[in-house]
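Architecture at a glance
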Amino acid sequence: KRVILVGPPGCGKGTQSPAIKDEYCLCHLATGDMLRAAVKNQTPLGRKAKEAMDNGQLVSDDLVVGIIDEAIKRPSCSKGFILDGFPRTVVQAQKLDAMLDKQGVKVDKVLNFEVPDELLVERVTGRWIHPASGRSYHTKFAPPKVPGKDDITSEPLIQRKDDNPETLKSRLQAFHQQTTPVIDYYLKKKVVSTIHAEKVQGEVTAEIKKSLRS
Ligand code: AP5
Ligand code: ZN
């Protein structure tokens, strides 16, 4: 399967990805995670992306399209993939279609994670992540066993630089202005399922699994 997760910052894309990945043996391609790794390693890509990311704006289409173009050609992604956080503009969606056309495949499902904006502040400001694995926790909704430490490695958890109320405003604005047209783009192709992602984590997982089976 080739599945796209779309939704506002903090809606649960990263949290739900492992469950989908395991059930269908798909590869999980999260442009935000890849960009954060590039920034941390100070690669040329990271240097170009940093400012926009720190300001809660989208990085240029060319940069992210380049990352995805390279990633979906990997043999490990030949059975399918979950795209988490891509495409986020109509241009990115069109470029993705062109890449998939070349491979003779198409997008099977777009899961549209809906959460009201007012719930996202708490989700984002309470998030703590384990940078090496991408695992995320939440001080209230998904606390780690030992505060501030990853459950599996016991390594320290950190907060994302863009997870503050001010930068969240810009990220939400970017979502509403630039990414909601992507949902319309896929609605026309009749591949969109709405996920009620404001529910508790387990219920959201169940809804996703049901929608992928249909
Ligand atoms: P990215 O990393 O994609 O950030 P985002 O879209 O803002 O999404 P988040 O990662 O914040 O949210 P999520 O949905 O994964 O939430 P999570 O599951 O962690 O992008 C970052 C930046 O990179 C962008 O701003 C941009 O600059 C750049 N970028 C990336 N892709 C790009 C692209 N294609 N084009 C251009 N620029 C791009 O959950 C959040 C918290 O809530 C966690 O603490 C979790 O434990 C908790 N939680 C999850 N589910 C529930 C639940 N059901 N109930 C209660 N709490 C929950
Ligand atoms: Zn994420």
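Residues numbered from 1 in each chain as written. Chains lettered and ligands numbered in written order. Predicted model: local features only at pLDDT ≥ 70, side-chain atom pairs only at ≥ 80, totals over all residues. Heavy atoms only, no water.

Which entries qualify depends on this criterion: UniProt positions are given in the numbering used here, feature names are shortened, and annotations may be inferred rather than shown by experiment.
Identification of the protein chain as adenylate kinase from Chara braunii is taken from an unreviewed UniProt entry. Under the UniProt heading Catalytic activity (unreviewed entry), the entry covering the protein chain gives this text: "AMP + ATP = 2 ADP". Quoted verbatim from the Sequence similarities (unreviewed entry) field of the UniProt record, the comment on the protein chain reads "Belongs to the adenylate kinase family."

Details of the state of the cysteines
Basically, it comes down to this: The rule for a disulfide is simple: a pair of cysteine sulfur atoms within 2.5 Å. Secondary structure follows DSSP: runs of H or I at least 4 residues long count as helices, runs of E at least 2 residues long count as strands, and numbering of each begins at the N terminus. Buried, partly exposed and exposed residues are distinguished by accessible area as a fraction of the type maximum, computed with a 1.4 Å probe on protein chains only: under 20%, between the cut-offs, and over 50%, respectively.
Considering all chains together, one arrives at 1 disulfide under this definition. C27 shares a disulfide with C77; S-S distance 2.1 Å. Handedness of the C27-C77 disulfide follows from its S-S torsion of about 115 degrees: it is right-handed. Here C77 lies in the loop between α4 (61-72) and β3 (81-84) and C27 lies in strand β2 (residues 27-30), a separation of 50 residues in the sequence. Across the pair, C77 and C27 agree in class, each one buried. Looking at C11, it has no disulfide partner, and the nearest cysteine sulfur is the one in C27, 19 Å off. Of all cysteine sulfurs in the structure, the one in C27 sits closest to C25, which takes part in no disulfide; the separation is 11 Å. Overall, C25 belongs to the exposed group, its relative accessible area being 56%.

A word on the site of ligand 1
Stated precisely, the cut-off is as follows: In this text, near means that some heavy atom of the residue lies within 4 Å of the molecule or strand in question. For the purposes of these results, a polar contact is taken to be a pair of N or O atoms within 3.5 Å, where, inside protein, one atom must be able to donate a hydrogen and its partner to accept one; residues adjacent in sequence count only when each atom of the pair is a side-chain atom. Using the Shrake-Rupley algorithm and a 1.4 Å probe, accessible areas are obtained, with residue cover drawn only from the displayed protein chains. All residues other than Ala, Val, Leu, Ile, Met, Phe, Trp, Tyr, Cys, Pro, Asp, Glu, Lys and Arg, Gly among them, are scored as polar; the first ten of these are nonpolar and the last four charged.
In the neighbourhood of ligand 1, 32 residues make up the surrounding shell, with T15, Q57, R88, R127 and R171 lying closest. In the model, an oxygen atom of ligand 1 is placed 2.5 Å from a nitrogen or oxygen of the T15 side chain. One nitrogen or oxygen atom from the main chain of Q57 is found 2.6 Å from an oxygen atom belonging to ligand 1. Here ligand 1 loses 96% of its free accessible area of 1000 Å² to cover by the protein chains. Secondary-structure elements contributing two or more residues to the shell around ligand 1 are α1 (13-24), α2 (31-40) and β6 (136-138). Considering every element that reaches the shell around ligand 1, the biggest residue donor is α2, with 4 residues. In the shell around ligand 1, the residues fall into 12 nonpolar, 12 polar and 8 charged.

Things to note about the sheet that holds β3
Operational definition: Think of it this way: DSSP has to see at least two bridges between two strands before they count as a pair. Interaxial angle, 0 to 180 degrees, is taken between N-to-C directions of lines fitted to C-alpha atoms, where a helix line uses only the stretch in contact. Residue contacts follow a heavy-atom distance rule, with two residues in contact if any of their heavy atoms lie within 4.5 Å.
Reading across from one edge, β2-β3-β1-β4-β7 is the order of the 5 strands in this open sheet, with parallel pairing throughout. The sheet is open, and its two edges are formed by β2 and β7 (192-196), each paired on a single side. Strand-to-strand twist in this sheet, taken as the mean axis angle between neighbours without regard to direction, amounts to 20 degrees. The sheet contact formed by strand β4 (residues 109-114) and β7 spans 5 bridges and is parallel. When the sheet's bridge partners are listed, N112 is paired in β7 with T194. Strand contacts of α2: β2 and β3, with the helix running at about 65 degrees to β2, the strand carrying the most contacts.

Comments concerning the packing of helix α6 (residues 117-125) against helix α7 (residues 165-188)
The criterion, for reference: Under this scheme an angle from 65 to 115 degrees is roughly perpendicular, one under 35 degrees roughly parallel, and one over 145 degrees roughly antiparallel; angles in between are oblique. Left-handed describes a crossing whose near helix is turned anticlockwise from the far helix by less than a right angle; the clockwise case is right-handed.
The N-to-C vectors of α6 and α7 enclose an angle of 130 degrees; their axes lie 11 Å apart at closest approach. The pairing of α6 with α7 is recorded here as oblique in orientation. Judged by the sense of rotation from one axis to the other, the crossing of α6 with α7 is right-handed. Taken together, the residues of α7 that come into contact with α6 (itself represented by D117, L120, V121, V124 and T125) are P165, L168, R171, L172 and H176. Of the residues contributing to the contact of α6 with α7, the split by class is 6 nonpolar, 2 polar and 2 charged.

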